[in-house]
Amino acid sequence: AAIALTARLSAPHAAVARGLVMGDRGGLAAADREAWADAGLAHLLAVSGMHVTMVVVVISAGVRLFAGRVPGLVERWSLPRVAAVIALPTALLFCAWSASPASAVRATIMGGVGLVGVVLGRPARAVEALAFTGLVMLVEQPLLLHDAGFGLSMAAVAALLASPRLRVDSAALLARPLSRLLLTARRTVMLGFIASVSATLAALPLTAVFFGRVSLVAPLTNLAAVPIGATVATPLALVLVIVAPVAPRLADLLAVPLERLLGWLLAVVRFGEKLPGATVVLATPRTHELVFYVVSLVSAFAAARASRQRARLGLLSLAGAVGLVASGVARWVVTRARSELVVMVPYVGQGDGVIVHFPGGQTGVVDAGGAIATSDWDPGRQVIAPLLRRSGVATIDLAVVSHPHPDHIGGFVYLAERFRIAELWRSGQRDDAGALLRLEQSVMRRGGRIRAPAQLAATVNYGGISIDVVHPRIDETSYLPELDLNDNSVVLRLRHGARSILLTGDIEAIAEREIVAAGAQVAADVLKVAHHGSRTSSTPEMLDAVRPSLAVVSCGVHNQFGFPHPETIDRFRGRNIPLLSTSRFGAITLRSDGLTWRVSGHRPGLMLPATPILEEVPDDD
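Notes on the structure follow. (Residues numbered from 1 in each chain as written. Predicted model: local features only at pLDDT ≥ 70, side-chain atom pairs only at ≥ 80, totals over all residues. Heavy atoms only, no water.)

1. Thoughts on unusual backbone geometry
A negative phi angle characterises most non-glycine residues, just as the trans form characterises most peptide bonds.
Move 1: The amide bond that connects H471 to the next residue, P472, takes the cis arrangement and shows omega of -15°.
Move 2: Within the fold, P472 resides in the loop between strand 12 (465-471) and strand 13 (491-496).
Move 3: Between F563 and P564 the backbone carries a cis peptide bond, its omega angle lying at -10°.
Move 4: Here P564 shows up in the loop between strand 16 (550-553) and helix 21 (566-574).
Move 5: The phi angle at H532 is positive, at roughly 60°, despite the residue not being glycine.
Move 6: Inspection of the secondary structure assignment puts H532 in the loop between strand 15 (526-528) and helix 20 (540-546). (Helix = DSSP H or I, 4+ residues; strand = E, 2+ residues; numbered from the N terminus.)

Quick look at the structure:
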């Protein structure tokens, strides 16, 4: 299929066609996948119930067309039953061919229930078929409760079944005057819009849990994209794939209109993603918030379809909505009034990134990881952004680039495009690739402020804590021209009450000697180890000056540099300083109430609660 499409379509359109037919998004760049998600059209690039339904409809139509031409067959056999018998194994084969994603399995089982009902002469109700499908899938694979495709597919189909449906007699429709035809068309569009809104609302809590954002323009873009992509382009691409091996010239002819349709579809995507407020950030909902939302939504759907009890159902829906709003207000108040400093060191591979939630409710990001070599891996998009969104963060109040090396600044490129950065701190020293310049331009374009250490006070009170700007602090340039990017890393000490943490970027022995010789106040309970645990950093003099009770190092699993270096590990071990690495513990979270530190982490790939590592860091003062 991929060969047939790639050989006949332009590269961008072939990548989209592979997604439409096979659910293969590998040919799309990360930015393109984000565009489809922002436009609310990512579901078109996944093998779903639409594809299975399409296969069943085509098979059924083919059986009816050809079997009806066989003399006496219609009298002896029921064509719907014959079509169902042929369509069922075909749907199963298609589901297996598409690698059986959860949404396709859901549609195959649900459709299978309906087809078996046709064969037995006992048509199944759609709601019952959906409930049976969900039960069977969860019994066979309980972990599907954590699968986004399964949950979103079930919720969307349930919402569509609850939405109003339009029944039209096609013969009567053709006999109506043009004005009535236009009226019916408008009604059809409205019902399609309502169905899209219903599916979006039903999937909203799951979207918040799995993705931390929702596309507000999805109902609008789906009105234009679904007829193009699902109704015409996808069937045409499937036919092209089928006929390509036996009739290549016909496949070439089919590629011409398909190319045009895919161009229109991409135009809808570009239009949707650029609409103001295309997506909004959603914090991960709590259990009681999910209950409020479900009660409100289900009651609203029931009230829309019920002739009796409508007033009571409406009041119940309103009560759920009020509870949800009250919970959101309470969460905002608690967030603003919290007194806890939270520092998270997420796993960003071989790179560095820190997320800081200040007691005053602000959020900071100190470095954002990045790929060392050309790669589709983007910690800003795949790690930092999801963590921020799940906390309900839409604005990065403070961004700090310790130094513009790719494994520290790379993730900021995505973040600056998707989040407003209110304030950016950087040393001012630039890299050869110009990544810092692009970041600065993005920040200024959205009204952010940019400052260098020399423009800051030695201690900045920010978000309810004190930030000591340790290094570099040189007038005018703000950095030491004779030092390289690593040794000019911005070094900050965050102090919350009696507790503190030192963030050191990638400084090495030269900068560490400068800091110690200058008599800088660097004593801290927690040390964010410099340069990923390189042996050229964390010198004995620096460790003696900091005197940490705990050290955290950010590095990739089995990284090519061997970080943290055995020599560095020995230095910490010789001073009885626990050393926690993201390569071992995954994301490491430190929480301080100003008196103690609570530290937790979890290993990558395990869907488990954070496991306590160190409950309290003793006070050395």
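Read on for the rest.
2. Notes on the pattern of salt bridges
Move 1: Tallying each qualifying case throughout the model produces 20 salt bridges.
Move 2: Among the salt bridges present, the one from R495 reaches D468, with a minimum N-O distance of 2.7 Å. Of the two residues, R495 is situated in strand 13 and D468 in strand 12; the sequence distance between them amounts to 27 residues.
Move 3: Owing to a relative accessible area of 7%, D468 belongs among the buried residues under this scheme.
Move 4: The partner of D570 in a salt bridge is R573, with the nearest N and O atoms 3.6 Å apart. On the criterion of helical spacing, the pair formed by D570 and R573 is a turn pair, its members being three residues apart in helix 21.
Move 5: Given a relative accessible area of 45%, D570 falls into the partly exposed group.
Move 6: Looking at R573, the relative accessible area reads 56%, which means it is exposed.
Move 7: Within the structure, one salt-bridge network assembled from shared partners comprises E34, D38, R213 and R418. (Salt bridge = Lys/Arg side-chain N within 4 Å of Asp/Glu carboxyl O. Buried < 20%, exposed > 50% of the residue type's maximum accessible area, 1.4 Å probe, protein only.)

3. Things to note about the nonpolar core
Move 1: Core analysis: the largest hydrophobic core is formed by 50 residues, its most contacted members being L5, V16, W36 and L258.
Move 2: Other than its neighbours up to four places away in sequence, L5 contacts A14, A17, R18, V21, A237, L240, V241 and L258.
Move 3: Counting residues in each nonpolar core, the second largest holds 30 residues, with Y462, I467, L494 and I588 among its members. (Core = buried A, V, L, I, M, F, W, Y, C linked by side-chain atoms within 4.5 Å. Contact = heavy atoms within 4.5 Å.)

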